[in-house]
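# Structural characterization, general
Residues per chain, in single letters:
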Protein chains: 2
Amino acid sequence: MTTHPTINKTAHAFDRTQIEGLLIKRFFYAPAFEHYGGVAGLYDYGPPGSALQSNILNEWRRHFIIEEDMLELDTTCITPADVLKTSGHVDKFSDWMVRDAVTGDIFRADHLVEAVLEARLNADREARGIASAAPAAPSSANAKKKKLKAPPAQLSDETVAKYESLLAQIDNYTGPELGALIEAETIKAPETGNALTSPVEFNLMFECQIGPTGQLKGYLRPETAQGHFLNFNRLLEFNNGKLPFASAQVGRSFRNEISPKQGLLRVREFTMAEIEHFVDPTSKAHPRFAEVAGTTLRLLPKDVQAGGSTEVVEMAVGEAVSKGVVDNETLGYFLVRIYQFLIKIGIDPLRLRFRQHMANEMAHYAADCWDAEIQSSYGWVECVGCADRSAYDLTVHSVRTGTKLVVREPLKELIEYEKSIAVFDKKLFGPRYKKDAKIIEETISALEELRLECIAKELAANGSTKVKVADGKEYELASDVLKIERRTFKETTREFTPNVIEPSFGIGRILYSLLEHAFWTREEDINRGVLSLPPSIAPVKVLIVPLSGTEVFRPIIKIISDKLRKAGLANRVDDSNASIGKRYARNDELGTPFGITVDFGSVKNGTVTLRERDSTKQLIGSIDEVVGIVEELCRGQIDWKEAGEKLPEYSGTQDAD
Amino acid sequence: MTTHPTINKTAHAFDRTQIEGLLIKRFFYAPAFEHYGGVAGLYDYGPPGSALQSNILNEWRRHFIIEEDMLELDTTCITPADVLKTSGHVDKFSDWMVRDAVTGDIFRADHLVEAVLEARLNADREARGIASAAPAAPSSANAKKKKLKAPPAQLSDETVAKYESLLAQIDNYTGPELGALIEAETIKAPETGNALTSPVEFNLMFECQIGPTGQLKGYLRPETAQGHFLNFNRLLEFNNGKLPFASAQVGRSFRNEISPKQGLLRVREFTMAEIEHFVDPTSKAHPRFAEVAGTTLRLLPKDVQAGGSTEVVEMAVGEAVSKGVVDNETLGYFLVRIYQFLIKIGIDPLRLRFRQHMANEMAHYAADCWDAEIQSSYGWVECVGCADRSAYDLTVHSVRTGTKLVVREPLKELIEYEKSIAVFDKKLFGPRYKKDAKIIEETISALEELRLECIAKELAANGSTKVKVADGKEYELASDVLKIERRTFKETTREFTPNVIEPSFGIGRILYSLLEHAFWTREEDINRGVLSLPPSIAPVKVLIVPLSGTEVFRPIIKIISDKLRKAGLANRVDDSNASIGKRYARNDELGTPFGITVDFGSVKNGTVTLRERDSTKQLIGSIDEVVGIVEELCRGQIDWKEAGEKLPEYSGTQDAD
């Protein structure tokens, strides 16, 4: 029987330099345009990073689009300025920046304040002889700052309490409030110590000109969502006019960050996966809520944060909805579905929490918002937003363009009601007012019912009434051309603007956090890094390793490779000259969960060995047995322990260099 | 036994208005930002279009990346201006535009000339009483123009011959040549009849500013290729330093077209799939060329076009390479692989040709280029380019940045050679020239060997030599500090810049052409459109249709849907109130190849019927039998005829409305 000694994944302290070095060396990603000095916030994904991203997206499509029958879209990145003016992004999608008053260096105001206050708290802890805990600050703040250093300097107990409270609420500060804070706490430009200018807004969208005339301004989309909203009518028709339904889109978005510094966590161009779930505003219940109501989530509600704390509350989502912590079932349903997705791809559940936005922090379009935050060495970072955008977007686009973006639902019972309307005697009215008749008729017809009733009274009392049209001109109408009548109307359909619940995934942030969670170094050698990615997500599932470069192994390698490919399992052959141990170590760094070794036993007996990445244990069997076991392992049908019950252990020493 | 009457797909003439109407109605795609008046050249894909695109890309990944072990990349769209200056795009990636001298309206010069000449030829044909053949012009030209109309007007026979010859070569015209043509043929602005301005270049890249300072200019990439080239060293290392290898990338690119008018065929933002195959320039043989050498392609070489003809040459690619029509095996190999891919997804082989670029038409980086052109109602349109970019890109980036982008190959035999080098007496040299020593040493060391030998002679003759450094300053060096010596060097590695063969796919163009090839209307009713997409590519594989909305069908529908999902087959339930015939007709328009009908027989006997889209014939069997057959059909393991041998025919009349 196979033995399973415990693998100690925490023998060595986590070292970000080490994993970032590994990820770049193995070309998971690399700074883009390196030969040209690089551009902050732009990264390229190499083969393992592309494959990992693609596996995460496939899992996302299965988990959301296929499982929930969503309607997939693919809309454009280039967006005319008008659209983003209407959506509020031109006016409000901005961050506050300050400049070093002397050098002109630019800082993002909130990040700078956070960094300075945290540095002071750290300096205080040092002076008091307290080990600086990581993460240093209790809020999600520390994910965004440039790490600053200050010499030990003790603060008063009141100041410490004040700073800690400020940091817990920092996301709630407006630009002018940040400016006041900079003044009150005498915050200066780091490095130079110069004064800072007042915070000014910087819009985060990239601008461009569409077409050769230079007259059509556009932006690169900062989110994929507008593409969903503008196609709402077509989507509704595609769904046979029925609600609720969700559209989904995977695509690039762009944000011209002021000063991006945290690797894949803050970039200027990124892949998003967004869902817009359209729902009847009078009923945000979800038919499958019962399936998820018992799931416990780690929640950080807004009132807890407002109280200066970041203690999570563990609560079943059913309870959270019934207590009003989470607003409605649909929002709660998606929080659990997001949780399930993140756990499935390998995120550590203890390093995942759902934080509610505070009032000032909320995006301009959101009525309520919860972020799935994942903890990494950069602190707690928003990786998925789950916002209730209410009817905001559909309403503003509809008002701006005059296009109805509504759902029409047949009423079960017909509604009858009376209403006053204006009735014109067309024979007299047209000839009397000529070209002005149209505007007069439009103006009166658009009046509210109460106003119409006043007119009725005036007509009855004076035999005429006066009406002012848009350009200020006034007309008198006599009771021979205009009458106000009560009429009965019947309504057979209800017309309403749906609300939208939007789960929005930052794929790069999830990918990086996942890599940190998966990384550890072997107890016996700190230089041997391992990425324990789940087989379903790992870029390559199987490494095929011939003992040496000899020709006799070639046909066997081809057989194994073909069988794996037929089973849909990505595999790679490493027939380089490095030792088997080195080749395996290289692939541990790539997160490859299984290795198949071809040796002279393969030629003689048709056997190969199967190595598992984390334990480095090996089993032995025929090619077909091993390929079959690998298939079951990768599909999640069995685990390594069960594999060990199906095949005998092999006690070679191939992992030695 | 099932009977298979021939389906007549050409009973009705092809009508572009009809298919474009269908594609927009069924939301394959739609003009983006319609509520805002739309933006030329921007389209959104709806659910069937997204699924179709995704299936084409999956097939592409299988056919190229997986089958040929390519290295996938995902690089950024935003590109600093420096990179695209080096690559030549800032200076040369442009089209020629002319303006209406009075109204200022803008036209793309070549498209306008083509449109006018073709209109004159058509008017001539009309005057001569000849039916205007479609495509009207013999070249690929007519794909790009706005259709113009002119009253019948006969031309001289010489003029007709001249115009036809001009049109066959139009892609070869430079801007000034187009200007001369406009003058010589008195071409005016259509509609207004005003004079046209001289052609000026318009760069097709979208410009943007990176970061908040406004000092870093960028462009949206016009191709994904530069992202491959700039990552060459990392890719080579990932491939263990070995050549040949190919990188592959699917992603968005952007071109600010002057006046896009042909639907999905000319857009400002599009999905590309690009391969960069890096190869030793001294050996462009391909190890798998033998597998494809016998495949016959329809070729249109440049000399045929230069002769004013567009007659394709059918030739096996082996012969084409050996005769020098196609330059090398690698290029020939990829032409066949491109051909195989396009046929596999459903392109009509008779409406596919490979056209070689003419000298002036070639992109600035290309040494040779063949376009896979697909014929649609817009004429022959480039859908895949296959260019030999030689060492152009790696060389220019290397020169500009000083980074070596080369392959080092161990030489089988060591090479020994002698070379003259400059040797400085460090003890005297440094103190004598102080801070200038470095620049002097660098300048002399960088001199060519012949120049060093001259210096050697001067030193021998005069005891000193003069050297001028970069800033023009001249220094005298005496023979005590500088000596020129012959030394022996040994070389163990060969260092070279690889060449690149680039197959580059415009996915939107392929997708649209495919839809045109797949479209036909039923003989009995011209209003019933069908998209005969291959099952592997069709957006949805199976439509599940309950006879009515009754509750008793629900569990059966769920069983079928779950079984299909488990088999990985996309399916959709249509339980709307429309008649079964209407529901099937709707799904014929969506290209859904199979339909499963659930009726009372399903409740009583557990049977369902299976309908095939093109023939509308039906078979009957148990749920498991039918799901099994559908799986084999979608995997291409059997065809409909063979399915008919496994299950009995069902002769219901469900297709009637």
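Residues numbered from 1 in each chain as written. Chains lettered and ligands numbered in written order. Predicted model: local features only at pLDDT ≥ 70, side-chain atom pairs only at ≥ 80, totals over all residues. Heavy atoms only, no water.

## With respect to the pattern of salt bridges
Stated precisely, the cut-off is as follows: Any carboxyl oxygen of Asp or Glu that lies within 4 Å of a side-chain nitrogen of Lys or Arg is treated as forming a salt bridge with it. To qualify as a helix, a DSSP run of H or I must reach at least 4 residues; to qualify as a strand, a run of E must reach at least 2; elements of each kind are numbered from the N terminus. Buried residues are those whose accessible area, probed at 1.4 Å on protein chains only, stays under 20% of the maximum for their type, while exposed residues exceed 50% and partly exposed ones sit between those limits.
Taken as a whole and assessed by the stated rule, the structure comprises 111 salt bridges over all chains. In this structure, B:Arg408 engages B:Glu495 in a salt bridge whose closest nitrogen and oxygen atoms are separated by 3.2 Å. Residue B:Arg408 is found in strand β17 (residues 407-424), and its partner B:Glu495 is found in strand β20 (residues 482-496); the two are separated by 87 residues along the sequence. Accessibility expressed as a relative area gives 47% for B:Arg408, which makes it partly exposed. Note on B:Glu495: relative accessible area 39%, which makes it partly exposed. Residues joined in a network through salt bridges with shared partners are A:Asp95, A:Arg108, A:Asp110, A:Glu257 and A:Arg266.

## Comments concerning the interface of chain A and chain B
Counted only if it meets this: Residues are treated as being in contact if the distance between any of their heavy atoms lies within 4.5 Å. When two components associate, each loses some accessible surface as probed by a 1.4 Å sphere; the sum of these losses over both components is called the buried area.
Listed as interface residues are 78 residues of chain A and, on the opposing side, 79 residues of chain B. For the pair chain A and chain B, the two sides together bury roughly 6,400 Å², of which 59% comes from carbon and sulfur. Looking only at chain A, the three residues that lose the most surface to chain B are A:His35, A:Tyr36 and A:Arg234, adding up to 13% of its buried area. Between chain A and chain B we count 6 salt bridges in total.

## Quick look at helix α5 (residues 109-128) of chain B
Given 3.6 residues per turn, any residue in an α-helix points the same way as the ones three and four places further on. Residue and element names in this part refer to chain B. Put simply, the rule reads: Each helix should span, by expectation, one fewer than its residue count multiplied by 1.5 Å.
Given a rise of 1.5 Å per residue, 20 residues ought to cover 28 Å, and the 29 Å separating the end C-alpha atoms of α5 matches this to within 8%. With respect to burial, α5 is a largely interior element, 16 of its 20 residues being buried. Two residues or fewer past α5, Gly-129 is found with a positive phi of approximately 75°.

## Focus on the confidence of the model for chain A
Applied cut-off: Known as pLDDT, the predictor's per-residue confidence is scaled from 0 to 100.
This prediction gives chain A a mean pLDDT of 91; 96% of its residues lie at or above 70. Predicted confidence for residues 133-145 of chain A stays below pLDDT 50, and this span has 40 contacts to residues more than four positions away or in other chains.

## What to know about the packing of helix α2 (residues 47-66) of chain A against helix α13 (residues 329-345) of chain A
Residues and elements named next belong to chain A. Basically, it comes down to this: Here an angle of 0 to 180 degrees is reported between the N-to-C directions of two axes, which are lines fitted to C-alpha atoms, with helices fitted over the stretch in contact. Here is the rule for handedness: rotate from the far helix to the near one, and if that takes an anticlockwise turn smaller than a right angle the crossing is left-handed, while a clockwise turn gives right-handed. Three classes are used: nonpolar for Ala, Val, Leu, Ile, Met, Phe, Trp, Tyr, Cys and Pro, charged for Asp, Glu, Lys and Arg, and polar for all others, with Gly counted as polar.
Orientation of α2 relative to α13, taken along the N-to-C sense of each, is 145°, at an axis distance of 11 Å. The handedness of the crossing between α2 and α13 comes out as right-handed. In contact with Ile-56, Glu-59, Trp-60, His-63 and Phe-64 of α2, α13 contributes Arg-337, Ile-338, Gln-340, Phe-341, Lys-344 and Ile-345. Per-class residue counts for the contact of α2 with α13 are 6 nonpolar, 2 polar and 3 charged.

## A closer look at the nonpolar core
Across soluble globular proteins, nonpolar side chains have a tendency to be buried as a group. Filter applied, for reference: The term nonpolar core refers to a set of buried residues drawn from Ala, Val, Leu, Ile, Met, Phe, Trp, Tyr and Cys, joined through side-chain atoms within 4.5 Å.
Core analysis: the biggest nonpolar cluster contains 83 residues, and A:Leu23, A:Trp60, A:Leu342, A:Phe505, A:Leu515 and A:Leu531 have the highest contact counts within it. The contact partners of A:Phe505, leaving out residues within four places of it in the chain, are A:Trp60, A:Phe64, A:Thr271, A:Met272, A:Ala273, A:Ile275, A:Ile338, A:Phe341, A:Cys383, A:Val384 and A:Ile510. Counting 82 residues, the second largest nonpolar core, distinct from the first, contains A:Leu71, A:Phe496, B:Leu297 and B:Leu342.

## A word on the UniProt feature "domain: Aminoacyl-transfer RNA synthetases class-II family profile" (unreviewed entry) in chain A
For the record, the criterion: UniProt positions are given in the numbering used here, feature names are shortened, and annotations may be inferred rather than shown by experiment.
UniProt annotation of "domain: Aminoacyl-transfer RNA synthetases class-II family profile" (unreviewed entry) refers to residues 177-539 of chain A when read in the numbering used here. Helix and strand shares over residues 177-539 of chain A are 29% and 36% respectively, and the end C-alpha atoms of the span are 46 Å apart.

## Quick look at the packing of α5(B) against helix α6 (residues 157-168) of chain B
All names here are of chain B. In contact at an axis separation of 10 Å, α5 and α6 are set at 140° when each is read in the N-to-C sense. As for how α5 packs across α6, the hand of that crossing is left-handed. From α5, Glu-114, Leu-117, Glu-118, Arg-120, Leu-121, Asp-124, Arg-125 and Arg-128 reach across to α6, where they touch Asp-157, Val-160, Tyr-163, Glu-164, Leu-166 and Leu-167. Split into classes, the residues belonging to the contact of α5 with α6 amount to 6 nonpolar, no polar and 8 charged.

## Digging into the packing of aromatic side chains
Where we set the bar: To pair, rings of Phe, Tyr and Trp, with the six-membered ring standing in for Trp, must have centres within 6.5 Å; the planes then decide the type, stacked if under 30 degrees apart, edge-to-face if over 60, and tilted in the middle.
Counting across every chain of the model gives 38 aromatic pairs over all chains. Look at A:Phe341 and A:Phe505: their rings are 5.8 Å apart centre to centre, the planes differ by 90°, and that puts the pair in the edge-to-face class. In this pair, A:Phe341 sits in helix α13 while A:Phe505 sits in strand β21 (residues 499-506), placing the two residues 164 residues apart along the sequence. Across the pair, exposure class does not vary: A:Phe341 and A:Phe505 are buried alike. When the centroid spacing of 5.5 Å and the interplanar angle of 45° are considered together, the rings of B:Trp60 and B:Phe64 count as tilted. Taken as a pair, B:Trp60 and B:Phe64 lie in helix α2 (residues 47-66) at a separation of 4 residues, close to a single helical turn. In this structure B:Phe64 comes out as buried when scored by relative accessible area, which is 0%.

## Focus on the relation of the copies chain A and chain B
For the record, the criterion: The copies are overlaid by a least-squares fit using only the C-alpha atoms of residues whose pLDDT is at least 70 in both copies.
After a rotation of 180° and a shift along the axis of 0.1 Å, chain A superposes on chain B with an RMSD of 0.3 Å. In the structure described here, the two chain copies are related by an operation that fits a two-fold rotation axis. Relative to the rotation axis, the C-alpha of A:Cys208 is the closest in chain A, positioned 2.7 Å from it. Here 100% of the interface residues in chain A have copies in chain B that are interface residues too; the copies meet face to matching face.

## A word on the environment of B:Pro176
Residue and element names in this part refer to chain B. With respect to the helices and strands, Pro-176 occurs in helix α7 (residues 175-184). Owing to a relative accessible area of 58%, Pro-176 belongs among the exposed residues under this scheme. Along the backbone, Pro-176 and Ser-198 are 22 residues apart, and their C-alpha atoms lie at a distance of 7.9 Å.

## Examining a nonpolar patch on the surface
All names here are of chain A. Put simply, the test is: A residue counts toward a patch only above 30% relative accessible area and without a salt bridge, and it is joined to like-charged neighbours within 9 Å or, for Val, Leu, Ile, Met, Phe, Trp and Tyr, to nonpolar neighbours within 5 Å. All accessible-area figures derive from a Shrake-Rupley calculation using a 1.4 Å probe, and residue coverage is judged against the displayed protein chains alone.
Taken together, the side chains of Leu-547, Val-552, Phe-600 and Val-603 make up a nonpolar region of the molecular surface, amounting to roughly 330 Å² of accessible area. Along the chain, Leu-547 turns up in the loop between β24 (542-546) and α19 (554-566). The exposure class of Leu-547 is partly exposed, given its relative accessible area of 37%.

## Overview of the environment of A:Ile19
Residue and element names in this part refer to chain A. Inspection of the secondary structure puts Ile-19 in helix α1 (residues 16-25). Here Ile-19 falls in the buried class, since its relative accessible area comes to 0%. The sequence separation of Ile-19 and Met-272 amounts to 253 residues, and the corresponding C-alpha distance is 24 Å. Once residues within four sequence positions are removed from consideration, Ile-19 is found in contact with Phe-14, Leu-515, Glu-516 and Phe-519.

## Quick notes on α1(A)
Residue and element names in this part refer to chain A. To keep things clear, this is the line we draw: As used here, the arc belongs to the directions running from the helix axis to the C-beta atoms. Polar contact is the term for a pair of N or O atoms within 3.5 Å; when the atoms are in protein, one must be able to donate a hydrogen and the other to accept it, and sequence-neighboring residues count only if both atoms are side-chain atoms.
Within the span of α1, buried status applies to Ile-19, Leu-22 and Leu-23. Summarising the axial view, the buried residues of α1 lie within an arc of 95°, below the 170-degree limit, and thus occupy one face. On its buried face, α1 is in contact with β1 (29-31), α18 (507-518), β22 (519-522), β23 (525-531) and α20 (580-589). Two to three positions downstream of the cap, the backbone nitrogen of Thr-17 sits 3.0 Å from a side-chain oxygen, assigning the N-cap of α1 to Asp-15. Two residues or fewer past α1, Phe-27 is found with a positive phi of approximately 60°.

## Brief notes about the side chain of B:Ser602
Residues and elements named next belong to chain B. Tracing the chain through its elements places Ser-602 in helix α21 (residues 600-605). Only 2.8 Å separates the side chain of Ser-602 from the backbone oxygen of Thr-607, close enough to count as a polar contact. Ignoring sequence-local partners within four residues, the contact set of Ser-602 consists of Ile-556, Thr-597, Thr-607 and Val-608.

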